[in-house]
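Working through the structure, step by step
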Amino acid sequence: MRYYDPRYDTTFKKVFGHPDLLISFLNALLPLKESELIETIEYLSPEMLPKTPDGKFSIVDVCCKDKKGRQFIVEMQMVWSEEFKSRVLFNASKAYVNQLEKGEHYKLLQPVYSLNLVNGIFEKDLPKDEFYHFYQLVHERHSDKVIKGLHIVFVELPKFTPRNWGEKKMMVLWLRFLTEINESTEEVPAELTEDPCIEKAVALMEESALTKEERYRYEKNLDNVRVERAIVGEAIEKGIAQGMAQGMAQGMAQGMAQGMAQGMAQGIEKGMAQGIEKGIEKGMAQGK
C-alpha cells in the first residue's frame, strides 16, 4: 500500500475538505475550552478578498466559520520564511476586519483563530520540545488581561514527538498523522486507526483514494516546494556570504582607523615628550 504525504497542498486540502475531519482537527489543536468547542462549520472562500479594489489579495489553505460566527483559518507551510509571520497576521486581521460592513456595530465582531502548521523550526532559542506557540493580545505585565479577537497558533512539526498526553490525545494523534504518514510509510501505527476521524484521514492518503488529477497536482506541489527550498537556501547562503564579506571589510576598516589613530596618538605623545626633554636640557644649559 502506497501513501501520500498529507502536508502538501493537494493532500492537505483533500483531508480537511471534509467537515468532520476539520472540526476534529480544530478542536484538537486550538486553545478552546470545553464550552467553546466547534460543533458545525461552514466553509468560506480561501480567497481573502480586499475591501477596496486596490487592496492586497491573498489565499489561505482552509477558511471556515461556525454557527457562532467565529472564523477559522488553517495554513500548512512547508518552507519557513520570516515573511510568513507577517502574512499570518495580515490574513487574520483581514478576516477580523472584513466581518463588518459600513455602519455595523463593533459588538458584532467575532473572534478569528489562525492555525498554522510549519514544516520547519523558527523558534530556535526555545526548548527543543516546545513546538506549540499560542499568541494573543495580552497586557505587558499582567498576562491574564487579554484583548480578545485574534488568536494565532503556530505548530513547529519537526519539534513534535509523540507522548502519552491524556488530555491532549487527539492533538497527538493528528500531529502523528501529519508527521508519520508519507511516501515511506509501510505500515500505519495501530493507534492512528483507533479513532474514526484519523482512520478516515489515513484512508484518504492511500494512493487509490487520489484521482489521476490529484496525483498530478501532488507531484507539482512537491516540485514547487523543492524549488522554493532551493531559492530560500540560496538566499540564506548569499546573505551569509555578504554578511561575512561586509564584516571583514568593516573589520579591516576599523583596524586601519584604530591603527592610524593609535599611531598618531603615540607620535604626538612621543613628540611632546621629546620636546619637553629638549626644553629642559636647553634651559639647564642656559642656566649654567
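Refer to the structure presented above.
In this text the structure is predicted, and so the values were computed from the model without any measurement. (Residues numbered from 1 in each chain as written. Predicted model: local features only at pLDDT ≥ 70, side-chain atom pairs only at ≥ 80, totals over all residues. Heavy atoms only, no water.)

Among the eleven residues in helix α2 (residues 19–29), eight count as buried, and that is most of the element. Restricting attention to buried positions, one finds in α2 the residues Leu21, Leu22, Ile23, Ser24, Phe25, Leu26, Ala28 and Leu29. (Buried < 20%, exposed > 50% of the residue type's maximum accessible area, 1.4 Å probe, protein only. Helix = DSSP H or I, 4+ residues; strand = E, 2+ residues; numbered from the N terminus.)

Relative to the 21 Å expected for 15 residues at 1.5 Å per residue, helix α3 (residues 83–97) spans 21 Å between its end C-alpha atoms, a close match to the ideal helical length. For α3, the full list of buried residues reads Phe84, Val88, Asn91, Ala92, Lys94 and Ala95. Buried residues in α3, looked at end-on, bunch into an arc of 160 degrees, giving them a common side. For α3, exposure combined with an orientation more than 90 degrees from the buried face picks out Glu83, Ser86 and Val97. (Expected span 1.5 Å × (residues − 1). Arc of directions from axis to C-beta.)

Residues Leu29, Leu117, Trp174, Leu175 and Phe177 are the most contacted members of the largest nonpolar core, which totals 52 residues. Sequence-distant contacts of tryptophan 174, defined by excluding residues within four places in its chain, comprise Val15, Phe16, Leu21, Ser24, Phe25, Ala28, Leu29, Cys197, Ile198 and Ala201. (Core = buried A, V, L, I, M, F, W, Y, C linked by side-chain atoms within 4.5 Å. Contact = heavy atoms within 4.5 Å.)

The topology assignment puts threonine 10 in helix α1 (residues 9–15). With near-sequence residues (within four places) excluded, threonine 10 lies in contact with Glu214, Arg217, Tyr218 and Asn221.

It is worth spelling out the packing of α2 against helix α5 (residues 196–204) at this point. Following both chains from N to C, one finds α2 and α5 inclined at 120 degrees, their axes separated by 10 Å at the closest point. As far as their axial angle goes, α5 and α2 are oblique. Like other packed secondary-structure pairs, α2 and α5 cross with a definite hand, here left-handed. Within the contact between the two elements, α2 uses Asp20, Leu21 and Ser24 and α5 uses Cys197, Lys200, Ala201 and Leu204. Residues of the contact of α2 with α5, tallied by class, amount to four nonpolar, one polar and two charged. (Axes fitted to C-alpha atoms, helices over the stretch in contact; angles between N-to-C directions. Parallel < 35°, antiparallel > 145°, perpendicular 65-115°, else oblique. Left-handed = near helix turned anticlockwise from the far one by under 90°. Nonpolar A, V, L, I, M, F, W, Y, C, P; charged D, E, K, R; others polar.)

Let us now look at the pairing of strand β4 (residues 62–66). Among the five residues of β4, four are classified as buried, and the element is accordingly described as predominantly covered. As paired strands, strand β1 (residues 41–43) and β4 are joined by three bridges and run antiparallel to one another. Residue pairing for β4: glutamate 42 is matched across the bridge by lysine 65. As judged from the four bridges shared by β4 and strand β5 (residues 71–77), these two strands associate in the antiparallel manner. Bridge pairing links cysteine 63 to isoleucine 73 in β5. The antiparallel hairpin formed by β4 and β5 contains four residues in its connecting segment, where glycine 69 sits at a positive phi of about 95 degrees. (Pairing = 2+ DSSP bridges.)

Note that every value here comes from positions in space, so none of it alone points to a role or purpose.
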